[in-house]
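Listed below are the residues making up each chain.
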Amino acid sequence: MLIEQIIVYGAISGGVYALLALGFTLIYGVSRVVNLAHGSFYMLAAYMFVFFGTFGFFGSDPMLASILALVLAVIFVGAVSSITYRLAIHPVIGDEVAVLVVTVSLAIIFQQLMLLWFGASFPRVSWPAGSVLLESTSILGVSVEYSLILAFVVSLVLFASLLVFITRTKIGKAMRAVSQDREVAMLMGINTDRLYMLTMVISAMLAALAGIFITASIEKFTGPWLWFKPLTLSFSIVILGGLGSIKGSLLGGFIIAFAEKTVTVMVPEGGAIVGVVPLAVIIAVLLVRPKGLFGKRIEMEE
Amino acid sequence: MVMGYLRRAYSSFAAHVFDVPPRLMAFLFLMILLLVPAAGLGPYYLSIMIYANVVAILAASWDLLVGRTGQISLGHAIFFGIGGYSSALLFKYYALSVWVAIPIALLIGSLAALVIGFPCLRVKGPYLALVTMAFPLIISNTVKWSPLVDIFGGEFGLRGFPGFFPFLPILQQRTAEYYFTLVLLFVSSVLMYKTANSKTGIVFMSILDDEMASKACGINVTRYKLLSFMISGLFGTLAGCVQANLLRVANPPMFELTISFLPIIVTFLGGIGTIYGPIVGAYIYALLDRYVLADLLPRLLRENFQVMSLPSGYDFAKLLVFTLIVLILVIKWPRGVSRFTTDKLEDLEEARDLDERGPRIWKTYKKKKSSTPA
């Protein structure tokens, strides 16, 4: 019974975690920005999902309204990320430490803005009541809500489509070119500034989608301080898989998720130290493989 | 026309006034700091200055590791917290006086730096930054873990130790603490500055510039990186010890991300890689955060606009404004305030050597500024 729980919940969380880490690894791979504000986009999206949900579009159909709120929230986060990139990250790009300071300042600014706007509370985030998403089914004898299955499927579909986008389209090719050698890519006529901005928007939108699905299906609430947990999750997944490696983030997501669930289920009072698990895993892995599991072999790495 | 004259007057004035050797400047700075309690400040204002001293020690130690050796650490809070907790635990279990506990805590801190430095040495660049960020999180979660609540005191931390000068009345106590932290700051910054400019410091710089090349020159890079970690950890621990004994509490927030980023923000305000920059930055930070935003602005609002109670979001807005200021400073002056002024001084000196007249000085300065890449 316990083993089944670990497998089912670990697989579901793994998919969404991979989606969360994907944006982080993408922006690092293309523009070498360690974006510590990645978790803020997650938090912002959850807030905006609630905010746009309160307007009650399509009055009679809560499910359609909720889908519209999701789309609006993701677009909003994309717009915010492009503005912050242009104003704050672009001027310091290339200076590692300054980028870290700027992105952490951005994260704190978003946190304070949400505190001022919505107050120091933890608003409930969920799919509309009475919809089919909140009903449960049973997989391997473990009862699972449909919303969790939806989150899992959506994240795998998004992951696959992003992989296709990177490998098959012209913009994806440009991204790979820039990640290999920025200067030569510029000589080939690629507008790197615009590409960086596009990558930032894509990465923020991925974080936003992951944020909405995780908060609405798993966590059920959000809060101004809840940007830090997704940030630690995404950076541990990405370090585990190798910074800039897309397949690494998929594998890392599943490893971290399974490790977390194992600790939650097996260790007494495990829920309280579950935040330590991803960090302990990365330290253990880095002792063996300093560049992560997929360090140098993947196309995004130099 | 008028502006031209004003500029000429300003630049000839600046060229003469700023022409002070750095050592004299440092001496004057120290003199002003020594005279601070004589200005008749209350205990609250003294505690702001004490806080600035502690932050300055922490930030200078971060600068030695990151600005001089190039090992980006986003987890300096771990040393701060280890300092606080080890002095608290030494009091709790052995009832040691603070004067005995601090040296032992320093020893523990530098050993911890050795242990942490070991896995960190295997990784570089952004990997290092993110891994160092992980360590304080692990420790803070462990400290909060409920099975260990008897040892570490859980969320509330450890309290009830006497502090530095428990028998003095409040104002004298603050004054004594101020001088004590100032002496600590002076001694540790001189030690760090001397280390940074000694032969060892030159090796640190060579690792920052090119690790491969220094390896090729026969330098044992691993040993020097560990040494840098240990020195930095030692002074970080000192700051944590002092802070815990000043506030008489060691709690999980000492490991928080805000503490890790405090030295980074402060160093960026002052100027990275200089050791003296973070000290200047720490005073700017403490005055801006604890005096201007927390004390001066509310008082002005109260006195001039009859705003009796501040709006409920003021505390949130305070951190927002502070972070915005930091953000703008980092984007506009990525080299820090003290570097900015030294650059300006050098420009002025150079220009004065070329030509005594004012407007030309201004022109050279402007030209240089525009030619630097964004």
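Look a little higher up for the structure.
Residues numbered from 1 in each chain as written. Chains lettered and ligands numbered in written order. Predicted model: local features only at pLDDT ≥ 70, side-chain atom pairs only at ≥ 80, totals over all residues.

J.: Could you give me a rundown of the overall build of chain A, with the residues and numbers involved?
T.: Counting its secondary structure elements, chain A contains 11 helices and 2 strands. Starting at the N terminus and ending at the C terminus, chain A contains elements arranged as α-α-α-α-β-β-α-α-α-α-α-α-α. Taking 19 Å as the expected radius of gyration for a compact globule of 302 residues, we find that chain A reaches 19 Å, a close match to that expectation. When contacts within chain A are restricted to residue pairs at least 6 apart in sequence, long-range pairs at least 24 apart make up 75% of them. (Helix = DSSP H or I, 4+ residues; strand = E, 2+ residues; numbered from the N terminus. Rg over C-alpha atoms; globule rule 2.2 N^0.38 Å. Contact = placed C-beta atoms within 7 Å.)

J.: Describe helix 13 (residues 276-305) of chain B, listing the residues and the values that go with them.
T.: Residue and element names in this part refer to chain B. The largest bend in helix 13 amounts to roughly 45° and is located at Val292. Of all the positions in helix 13, only Tyr276, Gly277, Pro278, Ile279, Val280, Gly281, Ala282, Tyr283, Tyr285, Ala286 and Asp289 are classed as buried. Of the residues trailing helix 13, Gln306 is marked for its positive phi of about 55°. (Bend = angle between axes of the 7 residues up to and from the residue. Buried ≥ 20, exposed ≤ 12 C-beta atoms within 10 Å, placed from the backbone.)

J.: Lay out the environment of B:Ile138 with the relevant residues and their values.
T.: One can find B:Ile138 in helix 6 (residues 125-144). By the C-beta count within 10 Å, which is 20 here, B:Ile138 ends up buried. Put simply, B:Ile138 and B:Trp99 are 39 residues apart on the chain and 29 Å apart in space, counted from C-alpha to C-alpha. Not counting chain neighbours up to four residues away, the residues in contact with B:Ile138 comprise A:Val276, A:Leu279 and A:Ala280.

J.: Any chance you could break down the pairing of strand 1 (residues 136-139) of chain A for me, citing the residues and the numbers?
T.: All names here are of chain A. For strand 1 and strand 2 (residues 142-145), the ladder comprises 4 bridges, and the chain directions are antiparallel. Note on strand 2: the bridge partner recorded for Ser136 is Glu145. In sequence, strand 1 turns back onto strand 2 through a hairpin of 2 residues, with Leu140 there showing a positive phi of about 55°. (Pairing = 2+ DSSP bridges.)

J.: So, the interface of chain B and chain A: which residues are in play, and what are the values?
T.: Frequently, the measure chosen for interface size is the accessible area that the parts lose on association. Tallying the contact residues gives 38 residues for chain B and 37 residues for chain A. For the side of chain B that touches chain A, the secondary structure elements donating two or more residues are helix 6, helix 12 (257-270) and helix 14 (314-332) of chain B. For the side of chain B that touches chain A, the class distribution of residues is 32 nonpolar, 5 polar and 1 charged. (Nonpolar A, V, L, I, M, F, W, Y, C, P; charged D, E, K, R; others polar.)

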